[in-house]
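Chain residues, written in single-letter form:
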Amino acid sequence: MEMKKRVSLELRNRNPAEVVELVVDNCLSADGEVEGLTEEYTQLEVLSMVNVGLSSLNKMPSLPKLRKLEVSDNTISGGLDTLKEKCPNLTYLNLSGNKIKELSSIETLQNLKNLKSLDLYSCEVSTLDDYRDGVFELLPHLSFLDGYDQEDNEVPDSEGDADDDDDDDEAGPPGDDDDDDDDDDDADSSEGEEDEVGLSYLMKEGIQDEEDDGDYVEEDEEDEEEEEDGDVDGADVQGEKRKREAEDDGDDDDDDDE
C-alpha cells in the first residue's frame, strides 16, 4: 500500500488536527520521501514510519508538538538538519537500521536540545571503536543511546509508566491504605476473639452438661439406695411385727392352759 493512501486510512474520518499518534509502518513511499503528511497535523506527538522505504526526511511537514519519531529500517543516510526546523521538540529519535555511517551525520542533532534518547543500532556507525563515547561527547544533552546511558544502565520502560505509578501512589488521601489495613486487622482480631469466646462458651456448656448429667446420675443412685434402704427397713419392720404377733399368740396359749 502506498504511504499516502495509508496515511489517509489511518485518519479514520478524523480531522488531522485531532490526531495525536500516527503509525504507518510497512507501507511504501513512492519516491523515498514522506508522503500524505501535512502541517494540518498540529497536535501530532508520536509518528512511526518503520520500513517504508524512506531515504530522506526533507519533505517532513512542520510538526511542532512531535516528541517521538520512529523511522527505523529505512535507507536514511543524512539530511537530519531538517528535524531542527520541522520537529524542534523531539525527545526520542529511532534511526536504527538506516545508512548512518559517520558521527558527522548526526552532528546536526546537537540542535535538538530536548533530545534525550537516540537509537542507532544496526547502523554502520555503531561499529566504530569509539562509537558510544563519541556520540555522548557529540551530544552532551543525550541521556540514552541504544537503550542505555553512559554507565550502561538500561532505559526505564517509559516516562508514562512512571507517571502512572505516581498517580497510583497519589490516589486517595495519604494513609487510607494503612487505615484500611488497620480496620481489616481489627476485624480479623474481633472475629478471632468472637470465635474464642464462642468456643469457650460451647466448651463451658459442654462441661456444664456433663456436670448436670453427673448430678442426675448421682441423684438416681441416691434414689436407688434410698429405695433399697426403704425395702430393707420395711422388711425389718414386717419381721419385727410378725415376731411380736407370734409372741403374743404364745402368751395367749399359755393363759388358756392355765
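Quick look at the structure, then. Source: prediction; values computed, not measured. (Residues numbered from 1 in each chain as written. Predicted model: local features only at pLDDT ≥ 70, side-chain atom pairs only at ≥ 80, totals over all residues. Heavy atoms only, no water.)

So, the environment of Asn 15
- Within the fold, Asn 15 resides in the loop between helix H1 (3-11) and strand S1 (21-23).
- The exposure class assigned to Asn 15 is partly exposed, which follows from its relative accessible area of 43%.
- Taking the C-alpha atoms as reference points, Asn 15 and Tyr 41, separated by 26 residues in sequence, lie 8.5 Å from one another.
- In terms of polar contacts, Asn 15 uses its side chain to reach the backbone amide nitrogen of Ala 17, at 2.9 Å. (Helix = DSSP H or I, 4+ residues; strand = E, 2+ residues; numbered from the N terminus. Buried < 20%, exposed > 50% of the residue type's maximum accessible area, 1.4 Å probe, protein only. Polar contact = N/O pair within 3.5 Å; in protein donor to acceptor, adjacent residues only side chain to side chain.)

Re the sheet that holds strand S3 (residues 68-70)
- Strands sit in the order S1-S2-S3-S4-S5-S6 across an open sheet of six strands; the sheet is parallel. Strands with a single pairing partner mark the edges of an open sheet, and in this sheet they are S1 and strand S6 (144-145). (Pairing = 2+ DSSP bridges.)

Things to note about the nonpolar core
- Judged by nonpolar contacts, the single largest core of 45 residues is most densely connected at Met 49, Ile 106 and Leu 118.
- Only H1 and helix H3 (131-138) provide two or more residues apiece to this core.
- With four residues, H3 is the largest single contributor of residues to this core.
- Sequence-distant contacts of Leu 118, that is, excluding residues within four places in its chain, are made with Leu 93, Leu 95, Ile 106, Leu 109, Val 135, Leu 139, Leu 142, Phe 144, Leu 145 and Asp 146. (Core = buried A, V, L, I, M, F, W, Y, C linked by side-chain atoms within 4.5 Å. Contact = heavy atoms within 4.5 Å.)

Overview of the environment of Leu 109
- Along the chain, Leu 109 falls in the loop between strand S4 (92-94) and strand S5 (117-119).
- Relative accessible area serves as the criterion here: at 0%, Leu 109 is assigned to the buried category.
- For Leu 109 and Thr 82, which are 27 residues apart along the polypeptide, the C-alpha to C-alpha distance reads 9.8 Å.

Remarks on the pattern of salt bridges
- Counting across every chain of the model gives five salt bridges.
- A salt bridge links Glu 45 to Arg 67; the shortest N-O distance between them is 3.3 Å. Here Arg 67 lies in the loop between strand S2 (46-48) and S3 and Glu 45 lies in the loop between S1 and S2, a separation of 22 residues in the sequence.
- Judged by relative accessible area, Arg 67 falls into the partly exposed class, the value being 37%.
- One connected set of salt bridges, linked through shared partners, spans Arg 6, Glu 10 and Arg 12. (Salt bridge = Lys/Arg side-chain N within 4 Å of Asp/Glu carboxyl O.)

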